[in-house]
Amino acid sequence: MMHQIWFGTGLLTFLMLSNTVGAFIGINIGTDVTNIPAATEVVAILKAHQITHVRLFDADSHMLSALSNSGIEVMVSVNNEEVLGIGESPSAAASWINKNVAAYLPSTNITAISVGSEVLTSIPNVAPVLVPALNYLHKALVASNLNYKVKVSTPQSIDLIPKPFPPSTASFNSSWNSTIYGILQFLKNTDSYFMLNAYPYYGYVNNDGIFPIDYALFQPLTSVKQIVDPNTLFHYNSMFDAMVDAAYNSIDAFKFSDIPIVVTETGWPWFGGSNEPDATIDNAETFNNNLIRRVLNNSGPPSKPSIPINTYIYELFNEDKRPGPVSERNWGVFFANGSAVYSLTFGTSDRITVNSSGNFCIARRGADNSKLQDGLNWACGQGQANCTAIQSGQSCYFPDTIQNHASYAYNDYYQRMQSAGGTCDFDGTAMTTNTDPSYGSCIFTGSSNSSTGGGGLFPPPAFGPATLIGKSSRLQVPEIRPLILAILLSFFLG
């Protein structure tokens, strides 16, 4: 009987973990809003748009209660004013955990605590107690037996890296070496992740036109504008990926590995002052739509292609009480009344339902297999194609050939990016056709047979390429599941 009980528990845990694999998009909820909706109304907006992850800038009791039994994963925050007291007092940390975390679990699905906001660059005088604060909070979680459920980390700005390009030579500001080492050691010891605030908007506007705006907006770059790291020869199709890789390389410089990065803030303002011409609705809409597609692709940046970039968009509502330039008050994707600021086409299957041109992009017959493999890897990686359907067990996996998989990936990329200048070439291995290549239950993007259902603003992420597609020597997520299940069975029944 005991074997059966433990087997049931282990199997349940496995099934829960298998259903949560994959990159996610979350959203920040700020509080500097004049007429912020009631907490229950905020949660209703989140649920209506299938938003599955939120980050609170505090630990508001009304929001935490309203999020109860919603299934939404919640990151709560120790605000900057609280960091000093917690970093100087283990009892203050324990009190904070009891009041703001333990009191709401398990009904409110709190999974992370962000400690401060860009402490090293915004309130450097508090830096000496930042690592102690992390440790005290973690020890309080251990005492409450919550340390395996809730991770602790601290968001840092990309500005902590003085020269983020090229990413291969990026490093943290050396004046903070001892504190950063302490943070990384803590994250490694507690199996947590590095929290990064990375804004391509500022990377673009503060660099006097060094980089093209298309690079900041995830738009295709012409051959003469390719951004390449001269040391690794990695091609960067977006500033976002370059920023994340800069942080990874900065971490690697401290000889730490296997610390993943979660982007806790990124976004684009939709309105600005007369001296902020790039803060426009069009740019904000373009950035956030492309960001969603990029993240839900489930791939990492060039240096860490198998590690997805979980990301929180900044932010849910416009914070009209924030000081500073006009753009500071116009980052929200919703107005306080719940109406959308601009159109957001988040999702996978419902992005493109009808191919108005009648053209599809497929792999050319007789093309060199190695070139097809390169094209497939690029399309499913930096090209931001959604390659879920050609994973093992999915609708377009068979026939399991490089020709078939490349055709699906090429077409998905082409349908998404054609209007923005994307082409059907892939080093001469692709061609356009007016014949719909869909077959059976495998529906190619752009087909008039595509389903128009599902979606929502932030749909649950489907399994996508945990690694670059087509590498048969690598086990991918759907193939690993039965292997893990077999191991569990042999362990519990052996």
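Refer to the structure presented above.
Residues numbered from 1 in each chain as written. Predicted model: local features only at pLDDT ≥ 70, side-chain atom pairs only at ≥ 80, totals over all residues. Heavy atoms only, no water.

1. Focus on the overall build of the protein
The helix and strand inventory of the protein stands at 15 helices and 13 strands. Out of the 494 residues in the protein, the part that is buried amounts to 53%. Expressed as a percentage of contacts within the protein between residues at least 6 apart in sequence, the contacts between residues at least 24 apart total 72%. (Helix = DSSP H or I, 4+ residues; strand = E, 2+ residues; numbered from the N terminus. Buried < 20%, exposed > 50% of the residue type's maximum accessible area, 1.4 Å probe, protein only. Contact = heavy atoms within 4.5 Å.)

2. What about the sheet that holds strand β10 (residues 261-266)?
Backbone hydrogen bonds hold the strands of a sheet together, and the pairing may be parallel or antiparallel. Spatial ordering of the open sheet is given by β5-β4-β3-β2-β1-β11-β10-β7-β6, a layout of nine strands whose pairing is parallel. Strand pairing shows two members of the sheet lacking a second neighbour, β5 (151-153) and β6 (155-157), which therefore form its edges. Each neighbouring strand pair of the sheet contributes to a mean axis angle of 25°, computed without reference to strand direction. Two elements, β10 and strand β11 (residues 311-313), share two bridges in a ladder whose sense is parallel. Paired with Val263 across the strands is Thr311, a residue of β11. Taken strand by strand, helix α12 (residues 281-296) contacts β1 (25-29), β10 and β11, and its axis lies near 160° from that of β11. (Pairing = 2+ DSSP bridges. Axes fitted to C-alpha atoms, helices over the stretch in contact; angles between N-to-C directions.)

3. Observations concerning the pairing of strand β7 (residues 194-197)
Burial along β7 is two-sided: Phe194 and Leu196 and Met195 and Asn197, pointing in opposite directions, are all buried. Two strands pair when backbone bridges link them, and β6 and β7 are joined in this way by three bridges, in the parallel orientation. Looking at the pairing, Pro155 lines up with Met195 of β7. Note on the crossover from β6 through helix α8 (residues 177-189) to β7: the handedness is right-handed. Taken together, the four bridges between β7 and β10 define a ladder with parallel strand orientation. Bridged to Asn197 within β10 is Glu265. (Right-handed = clockwise from strand over helix to strand, strands pointing away.)

4. Regarding the state of the cysteines
One pass over the structure, following the stated rule, counts three disulfides. A sulfur-sulfur distance of 2.0 Å marks the disulfide that ties Cys361 to Cys424. Across the S-S bond of Cys361 and Cys424 the torsion is about 85°, and the bridge reads as right-handed. Highlighted residues: Cys361 in strand β12 (residues 360-363) and Cys424 in the loop between α14 (402-417) and β13 (430-433), separated in sequence by 63 residues. Judged by relative accessible area, which is 15%, Cys424 ranks as buried. For the protein, the bonded cysteines connect in the pattern 1-5, 2-3, 4-6 when numbered consecutively along the sequence. (Disulfide = S-S within 2.5 Å.)

5. Some details on the packing of helix α4 (residues 80-88) against helix α5 (residues 90-102)
Closest axis-to-axis distance for the α4/α5 pair is 5 Å, and the angle between their directions is 125°. Between α4 and α5, the angle is such that the two are oblique. Of the residues in α5, those touching α4 at Glu82, Gly85, Ile86 and Glu88 are Pro90, Ala92, Ala93 and Trp96. Residue composition of the contact of α4 with α5, grouped by class: five nonpolar, one polar and two charged. (Parallel < 35°, antiparallel > 145°, perpendicular 65-115°, else oblique. Nonpolar A, V, L, I, M, F, W, Y, C, P; charged D, E, K, R; others polar.)

6. Notes on the packing of α5 against helix α7 (residues 130-143)
Each pair of packed helices can be summarised by the angle the axes make with each other and by the distance between the axes. For the pair α5 and α7, interaxial distance at closest approach is 8 Å and the crossing angle is 55°. What the angle tells us is that α5 and α7 run oblique. In this structure, α5 crosses over α7, and the sense of that crossing is right-handed. Residues Pro90, Ala93, Ala94, Trp96, Ile97 and Val101 of α5 form the contact with α7, whose own contacting residues are Tyr136, Leu137, Ala140 and Leu141. Tallied by class, residues from the contact of α5 with α7 come to ten nonpolar, no polar and no charged. (Left-handed = near helix turned anticlockwise from the far one by under 90°.)

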